[in-house]
Amino acid sequence: MAPKVLYTTRISPAGRAVEITAKILGLELDIKFVDLAKREHLTEEFLKMNPLHTIPVIIDEDVPLYDSHAIIIYLVSKYAKDDKLYPKDLVTQARINAMLHLESGVLFSRIRGLLSPVVYLGCAEVPQDKVDGIYDAYDLVEGSLQSDFLVGNTLTLADISCCTSLSLLKTVFPVDAGKCPKLIAYLKRLEQVVPDYHEFNTVRAEEAYTFFKLKLEENKKKLAASQ
């Protein structure tokens, strides 16, 4: 089977979710890193693959697919040997889908709200409301944890998607064990069951945090020099 071509970045939570899913399924990926700073995601070639100009994009049998949630559901539906990651039961699917929307609408949205002003707008500090929003997101996940994993007692696509954003958020703003004990236990559980968790989540989350801190310091120096 020819490898699927994945366009992503090392630190993208969405891209990492696709990489983890492919790893579990035993699929080979030909990874091509997109340089967002050079606006490679806005080239004519890239826009032909994904008019939304987002990452990741995967090419499977010459067909481009985009949005990490759509991609991981597609990969499991087509290549998984069983339905453990995305059970065929419609109620379970609905619950997994709800968590995928939590990841995109809340967790990843809070990441963008945190990073975008610093990386793209030159902000020299993180607004308190953005910080508060992250801790509110932790509370939502804490309340969602009614079992060992987000949906039931086994790993599903809900966990694979959410763990990538959570790993980055908690690196920047650690989770309070006193307020979110179930979330702390859940994150430790994920370290044991997600393949190559350390590389996909811990190492790359640290890379993203280092980049964020450098941009923040750079912005502070620019602000000080202009005053």
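Scroll up a little and you will see the structure.
Conventions used here
Within each chain, residues carry numbers counting from 1 in the order of the written sequence. Predicted model: local features are reported for residues with pLDDT of at least 70 only, side-chain atom pairs are reported and counted for 80 or more only, and whole-chain, interface and lining totals are derived from all residues. The side-chain quantities take in all heavy atoms of the structure and omit both hydrogens and water. Secondary structure counts use DSSP, requiring at least four H or I residues in a row for a helix and at least two E residues in a row for a strand, with both numbered from the N terminus. Within these notes, the globule rule equals 2.2 Å times the number of residues to the 0.38 power, and the radius of gyration is based on C-alpha atoms. Whether a residue is buried, partly exposed or exposed follows from its accessible area with a 1.4 Å probe, protein chains only, as a fraction of its type maximum: under 20%, in between, or over 50%, in that order. Any carboxyl oxygen of Asp or Glu that lies within 4 Å of a side-chain nitrogen of Lys or Arg is treated as forming a salt bridge with it. For Phe, Tyr and Trp, where Trp contributes only its six-membered ring, two rings pair if their centres lie within 6.5 Å, and the inter-plane angle classes them as stacked under 30 degrees, edge-to-face over 60, or tilted in between. Residues with no salt bridge and a relative accessible area higher than 30% make up the patches, which join like charges within 9 Å and nonpolar side chains (Val, Leu, Ile, Met, Phe, Trp, Tyr) within 5 Å. Where accessible areas are quoted, they stem from the Shrake-Rupley method and a 1.4 Å probe; at the residue level, only the protein chains shown are allowed to cover. A residue counts as positive if it is Lys or Arg and as negative if it is Asp or Glu; His and the chain ends are not included. For the purpose of locating charges, the reference atoms are NZ of Lys, CZ of Arg, CG of Asp and CD of Glu. Note on geometry: axes are C-alpha line fits, over the in-contact stretch for helices, and angles between N-to-C directions span 0 to 180 degrees. Should an angle fall under 35 degrees it is taken as roughly parallel, and over 145 as roughly antiparallel, whereas 65 to 115 is taken as roughly perpendicular and any remaining angle as oblique. Throughout, a crossing is termed right-handed when the near helix is turned clockwise from the far one, and left-handed when it is turned anticlockwise from it by less than a right angle. Only heavy atoms enter the contact rule, under which two residues are in contact if any of them lie within 4.5 Å. In the scheme used here, Gly and all other residues not listed as nonpolar or charged are polar, with Ala, Val, Leu, Ile, Met, Phe, Trp, Tyr, Cys and Pro taken as nonpolar and Asp, Glu, Lys and Arg as charged.

Enquirer: Which residues make up the overall build of the chain, and what are the values?
Expert: From N to C terminus, the chain includes eight helices and four strands. Along the chain, from the amino end to the carboxyl end, the secondary structure elements read β-α-β-α-β-β-α-α-α-α-α-α. For 227 residues, the compact-globule formula gives about 17 Å, and the C-alpha radius of gyration of the chain, at 18 Å, lands near that figure. Overall, the chain is about 60 × 50 × 25 Å in size when its C-alpha atoms are taken along their principal axes. Within the span of the chain, comprising 227 residues, buried residues form 45% of the whole.

Enquirer: Hey, could you go over the pattern of salt bridges for me, with residue numbers and the actual values?
Expert: According to the stated counting rule, one finds 13 salt bridges in the structure shown. Put simply, aspartate 30 and lysine 32 hold a salt bridge, and the shortest N to O gap is 3.7 Å. For aspartate 30, a relative accessible area of 31% puts it in the partly exposed group. On the accessibility criterion, lysine 32 (37% relative accessible area) is partly exposed. Lysine 215 is the partner of glutamate 218 in a salt bridge, and the nearest nitrogen-oxygen pair spans 3.6 Å. With a gap of three residues between them, glutamate 218 and lysine 215 both fall in helix α8 (residues 197-226), about one helical turn apart. On the basis of relative accessibility, which here comes to 33%, the residue glutamate 218 falls in the partly exposed class. The network of salt bridges with shared partners includes Arg10, Glu19, Glu199, Arg204 and Glu207.

Enquirer: Quick one: what's the story with the packing of aromatic side chains, residue by residue and with numbers?
Expert: The full count for this structure, using the stated rule, is four aromatic pairs. Note on tyrosine 7 and phenylalanine 46: the rings are 6.3 Å apart at their centroids and 85 degrees apart in plane angle, and the pair reads as edge-to-face. Of this pair, tyrosine 7 sits in strand β1 (residues 4-8) while phenylalanine 46 sits in helix α2 (residues 44-49), placing them 39 residues apart in sequence. Judged by relative accessible area, tyrosine 7 falls into the buried class, the value being 16%.

Enquirer: So what's going on with a negative patch on the surface? Which residues, and what values?
Expert: Taken together, the side chains of Asp129, Asp132, Asp136 and Asp139 present a region of like negative charge at the surface. Mapped onto the elements of the fold, aspartate 132 is located in helix α5 (residues 128-144). Given the relative accessible area of 37%, aspartate 132 is considered partly exposed.

Enquirer: Break down the side chain of serine 12 for me, citing the residues and quoting the values.
Expert: Looking at where serine 12 falls in the secondary structure, it is placed in the loop between β1 and α1 (13-25). Residue serine 12 is classed as buried on the basis of its relative accessible area of 8%.

Enquirer: Explain the packing of helix α6 (residues 157-172) against helix α7 (residues 181-193) to me, and be specific about the residues and the numbers.
Expert: One way to put it is that α6 packs onto α7 with a least axis distance of 11 Å and a crossing angle of 115 degrees. Considered as vectors, α6 and α7 are oriented roughly perpendicular to each other. For the pair α6 and α7, the sense of crossing is left-handed. Here Asp159, Cys163, Leu166 and Lys170 of α6 lie close against α7, whose contacting residues are Leu183, Tyr186, Leu187 and Leu190. In terms of residue class, the contact of α6 with α7 is built from six nonpolar, no polar and two charged.

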